[in-house]
Every structure is written in structure tokens, then in C-alpha cells.
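The residues making up each chain are set out below.
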Amino acid sequence: MTDRTPNPGGSARQRGPQTAPPAWMPLAKQGNRPPPELYAHLQSHVEAERGLLEEYSAAAEQSQSKALRYLINLLIEDEIRHHRIFTDLVESVKAREVQYADGHWNDEDPIIPHIDFDRTDQAAVIDITEQLLQKEQQDAHELKRLQRELRDTKETTLWSLLVELMERDTQKHIAILRFARKHAGRRRR
Ligand SMILES: [Fe+2]
Ligand SMILES: [Fe+2]
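Here is a short report on the structure shown in this document. (Residues numbered from 1 in each chain as written. Chains lettered and ligands numbered in written order. Predicted model: local features only at pLDDT ≥ 70, side-chain atom pairs only at ≥ 80, totals over all residues. Heavy atoms only, no water.)

This next bit is on the overall build of the chain. Scanning the chain from terminus to terminus reveals 5 helices and 0 strands. Ordered by position from N to C terminus, the α and β elements of the chain give α-α-α-α-α. Out of the 189 residues belonging to the chain, those deemed buried represent 26%. Across the chain, the fraction of contacts at a sequence separation of at least 24, relative to all contacts at a separation of at least 6, is 65%. With an accessible surface of roughly 13,400 Å², the chain has 55% of that area assigned to carbon and sulfur atoms. (Helix = DSSP H or I, 4+ residues; strand = E, 2+ residues; numbered from the N terminus. Buried < 20%, exposed > 50% of the residue type's maximum accessible area, 1.4 Å probe, protein only. Contact = heavy atoms within 4.5 Å. Areas by Shrake-Rupley, 256 points an atom, 1.4 Å probe, with all protein chains shown as cover.)

Now the structure itself:
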């Protein structure tokens, strides 16, 4: 069964005509209804992030320090991305709730795509993610070496911090690629 199947409450096909769903059955198996408080939590997070973004902007404008402004601008870039992603999450959860209430799933093309690696050549997905993982791991290695070369500049420039941030980004990229590789390796039907 894919998560696109209309199936609020669990289908007869899945659990037999007269059987109640077992208490241990996770929500996902009952039709992927989002956890009840999720929408509210996401929305309050969006608000909090917006407040934070405004504080960052104000701090950047007020400061005479170019270094602080430079760093805050990096944070602002991240926060703008967080805001966009959280907005996508909120809309996805909301759409899912509406569909659950309507009694059928109709989100064939949601804002955040379904995990649909099975639509394509899964072996090719695994191949490409493995190649990219190798590049990222190489990148991580080089950044580490660069970091050692920057040791003496740590007290006087932002360079080492910036390289550290890229090291963290590289770990993030590795996590993304591992996720894709892992899920491409799974059969869904
Ligand atoms: Fe954030
Ligand atoms: Fe990268």
C-alpha cells in the first residue's frame, strides 16, 4: 500500500472486515494522518522563526561592526530557508488534515514530494548518490586539512569559522544523500 491510498482509519482490505485496528498500530498505518498537534506546533514555530528573523535584521542594521553584520547575514540566509521549509511543512500537514476529514487522499502532487524513487531507475539513484557521497566525503577531508592551515588565523579573522560552517554543511549534504540512497534501495510495492 502506498501512502497515497485513500484509507482513513485503516481499510478493510488491510485488517479484515470486522476487526478493529490493533491499539499498537501506528497512525501511519491508519492512513498517514498527521499527529493531531503537529499543525499547531509547526505554525507556532513559523511565527517564532519570523520573530527571530526580524531580530536578526534589526541587529544587523544597528551594528557598526562589519564582522557582526557579515555573520548575521549568514544567519538570515539560513532563517529565510528555514521559513520557506517550515511553510511547506505547514501547508503539507494542513492539506493532509483536509484530505483526512474528506475521507480520501488526493495529494498526488504535494508541495513536499512523496518519496517516489520507485518511479525512476532506483539503481541509477543509488549510483549517483554514491558518487556524490564520495565527493562530499572528499570535500569533508579537504575542509579538515584547510582548517588545520587556518589555525593561526583563528584569533584575527572569520576564515576558520567560515570553513567550520562549511564542514557542518558538508555533514548535512552527506545526511541528505544517505537518506536518498537508503530510500532508493527500498521497494515500495
Ligand atoms: Fe531557524
Ligand atoms: Fe557539499
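For the structure on display, the rule yields 5 salt bridges. A salt bridge links Arg 119 to Asp 116; the shortest N-O distance between them is 3.7 Å. Since its relative accessible area comes to 25%, Asp 116 is described here as partly exposed. Residues Glu 164 and Arg 168 are paired through a salt bridge, measuring 2.8 Å at the closest nitrogen-oxygen approach. Of the two residues, Glu 164 and Arg 168 both sit in helix H5 (residues 159-184), 4 residues apart, roughly one turn of that helix. On the accessibility criterion, Glu 164 (30% relative accessible area) is partly exposed. According to the relative accessible area criterion, Arg 168 is exposed, its value standing at 54%. (Salt bridge = Lys/Arg side-chain N within 4 Å of Asp/Glu carboxyl O.)

Time to look at the coordination of the iron ion (ligand 2). Taken together, Glu 136 (OE), Glu 136 (OE) and His 173 (ND1) make up the protein donors of the iron ion (ligand 2), found 2.3 to 2.4 Å from the metal. Taken together, the residues Glu 136 in helix H4 (residues 122-149) and His 173 in helix H5 connect sequence positions 37 residues apart. Assessed through its relative accessible area of 30%, His 173 is described here as partly exposed. (Donors = N, O, S within 2.8 Å, 3.2 Å for Na, K, Ca; no water.)

With distances of 2.2 to 2.8 Å, the protein atoms coordinating the iron ion (ligand 1) are Glu 49 (OE), Glu 49 (OE), Glu 79 (OE) and His 82 (ND1). Each of the 4 donor atoms around the iron ion (ligand 1) contributes to a set of angles spanning 50 to 127 degrees, which defines the coordination as irregular. Read N to C, the donor residues that coordinate the iron ion (ligand 1) are spaced as E-x29-E-x2-H. Here the residue Glu 49 occupies a position in helix H2 (residues 38-62), and His 82 occupies one in helix H3 (residues 66-102), the gap between them amounting to 33 residues. For Glu 49, a relative accessible area of 11% corresponds to the buried category. Using a relative accessible area of 30% as the deciding quantity, one classes His 82 as partly exposed. (Tetrahedral: all angles 85-135°; square planar, octahedral: opposite > 155°, others 65-115°.)

Together, Lys 144, Arg 145, Arg 148, Arg 151 and Lys 154 give the surface a local cluster of positive charge. Tracing the backbone shows Arg 148 in helix H4. Looking at Arg 148, the relative accessible area reads 48%, which means it is partly exposed. (Patch = residues over 30% accessible without salt bridge, like charges linked within 9 Å, V, L, I, M, F, W, Y side chains within 5 Å. Lys, Arg positive; Asp, Glu negative; His and termini not counted. Charge placed at Lys NZ, Arg CZ, Asp CG, Glu CD.)

Moving on, we come to the layout of surface pockets. Considered as a void within the structure, the second largest pocket measures approximately 350 Å³ in volume. Elements that contribute at least two residues to the lining of the second largest pocket include exactly H3 and H5. No other element matches H5, which puts 7 residues into the lining of the second largest pocket. (1 Å grid on protein atoms, 1.4 Å probe; cavity = no way out; pocket = protein on both sides within 12 Å on 5 of 7 lines; lining within 4 Å. Points joined across faces, edges and corners; volume = space filled by probe spheres on them.)

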